[in-house]
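What follows is the residue order along each chain.
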Amino acid sequence: MLKDTIAIIGATSNEGWLLANKLLTGNFRVLLMDNDLPQLNLMLHNINTVDINVDAAIVDCCRNASWEADIIIIAVPANQQIEVAKKIKEVATQKMVVFINSFVNTEIILQEILPQSRLVFVLLEHINKEVNYCDAILKSINSESLLLAGKIFESAGIKIRV
């Protein structure tokens, strides 16, 4: 069985770190991308110290990470999400793109930038890195993507609400 490849852009953010740790316990190949390369290398080293069998790699830019991924998770701060969407739009066609904690007023703009992508917006709540826990509220106009995102987040041990 082939593993889905998930790119996490903004992997060293609180949300990205939490999701990477959760998703690496599942049956996924995880591509980690962040502008803070030293922190990203330390993060991957720490993950590999705990479990040498994880399927994770560092990718140098958001476009390359998105190109290789089946599913793209954007975990950068909300004020940077439009910029990232513009960088990945050519390689995100027909892919599910999950935006973490986006501004409500930018969701329409993101849909205009990525009209051929299946967007899911996720609000993470009760984030606690020490105990590796959070809740998630998901929304999307694409019901198939909403169900798939829900399954991915649930398989990673994240309690979801739709």
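Predicted model only: the values in this text are computed from it and were never measured.

### Some remarks on the overall build of the protein chain
Inference 1: Across its full length, the protein chain holds six helices and eight strands.
Inference 2: Starting at the N terminus and walking to the C terminus, you meet the elements of the protein chain as β-α-β-α-β-α-β-α-β-α-β-β-α-β.
Inference 3: Taking 2.2 N^0.38 as the reference for a compact globule, 162 residues should give roughly 15 Å; the C-alpha atoms of the protein chain span a radius of gyration of 14 Å, in line with that estimate.
Inference 4: Counting only C-alpha atoms, the protein chain reaches 40 × 35 × 30 Å along its principal axes.
Inference 5: Excluding contacts between residues fewer than 6 apart, the proportion of contacts in the protein chain whose partners are at least 24 apart in sequence is 59%.
Inference 6: Summed over all atoms, the accessible surface of the protein chain reaches about 8,400 Å², with 53% contributed by carbon and sulfur.
Inference 7: When the 14 positive and 18 negative side-chain charges of the protein chain are each reduced to one mean point, those points stand 3 Å apart.

### Description of the pattern of salt bridges
Inference 1: Evaluated as defined, the whole model comprises seven salt bridges.
Inference 2: For Lys-139, the salt bridge identified is with Glu-107, shortest N-O distance 3.0 Å. One end of the pair, Lys-139, is in strand β7 (residues 133-139); the other, Glu-107, is in helix α5 (residues 107-113), and 32 residues separate them in sequence.
Inference 3: Under the relative-accessibility criterion, Lys-139 is labelled partly exposed at 41%.
Inference 4: The partner of Glu-144 in a salt bridge is Arg-118, with the nearest N and O atoms 3.6 Å apart. Within this pair, whereas Glu-144 is found in helix α6 (residues 143-155), its partner Arg-118 is found in strand β6 (residues 118-128), the two being separated by 26 residues in sequence.
Inference 5: The partly exposed category is assigned to Arg-118, whose relative accessible area is 22%.

### Focus on unusual backbone geometry
Inference 1: Although it is not a glycine, Gln-94 sits at a positive phi angle of roughly 65 degrees.
Inference 2: Considering the arrangement of structural elements, one finds Gln-94 in the loop between α4 (81-88) and β5 (96-100).
Inference 3: With a relative accessible area of 51%, Gln-94 lands in the exposed category.

### A short note on α4
Inference 1: Restricting attention to buried positions, one finds in α4 the residues Gln-81, Val-84, Ala-85 and Ile-88. Down the axis, α4 shows its buried residues gathered within 100 degrees of arc, on one side only.

### Some details on the packing of aromatic side chains
Inference 1: Applying the stated criterion to the full structure yields one aromatic pair.
Inference 2: Taking 5.8 Å as the distance between ring centres and 20 degrees as the angle between the ring planes, the aromatic pair formed by Phe-99 and Phe-121 counts as stacked. In this pair, Phe-99 is assigned in strand β5 and Phe-121 in strand β6, connecting sequence segments 22 residues apart.
Inference 3: Classification of Phe-99 as buried rests on a relative accessible area of 0%.

Thresholds applied
- Residues numbered from 1 in each chain as written.
- Predicted model: local features only at pLDDT ≥ 70, side-chain atom pairs only at ≥ 80, totals over all residues.
- Heavy atoms only, no water.
- Helix = DSSP H or I, 4+ residues; strand = E, 2+ residues; numbered from the N terminus.
- Rg over C-alpha atoms; globule rule 2.2 N^0.38 Å.
- Contact = heavy atoms within 4.5 Å.
- Areas by Shrake-Rupley, 256 points an atom, 1.4 Å probe, with all protein chains shown as cover.
- Lys, Arg positive; Asp, Glu negative; His and termini not counted.
- Charge placed at Lys NZ, Arg CZ, Asp CG, Glu CD.
- Salt bridge = Lys/Arg side-chain N within 4 Å of Asp/Glu carboxyl O.
- Buried < 20%, exposed > 50% of the residue type's maximum accessible area, 1.4 Å probe, protein only.
- Arc of directions from axis to C-beta.
- Phe/Tyr/Trp six-rings, centres within 6.5 Å; stacked < 30°, edge-to-face > 60°.

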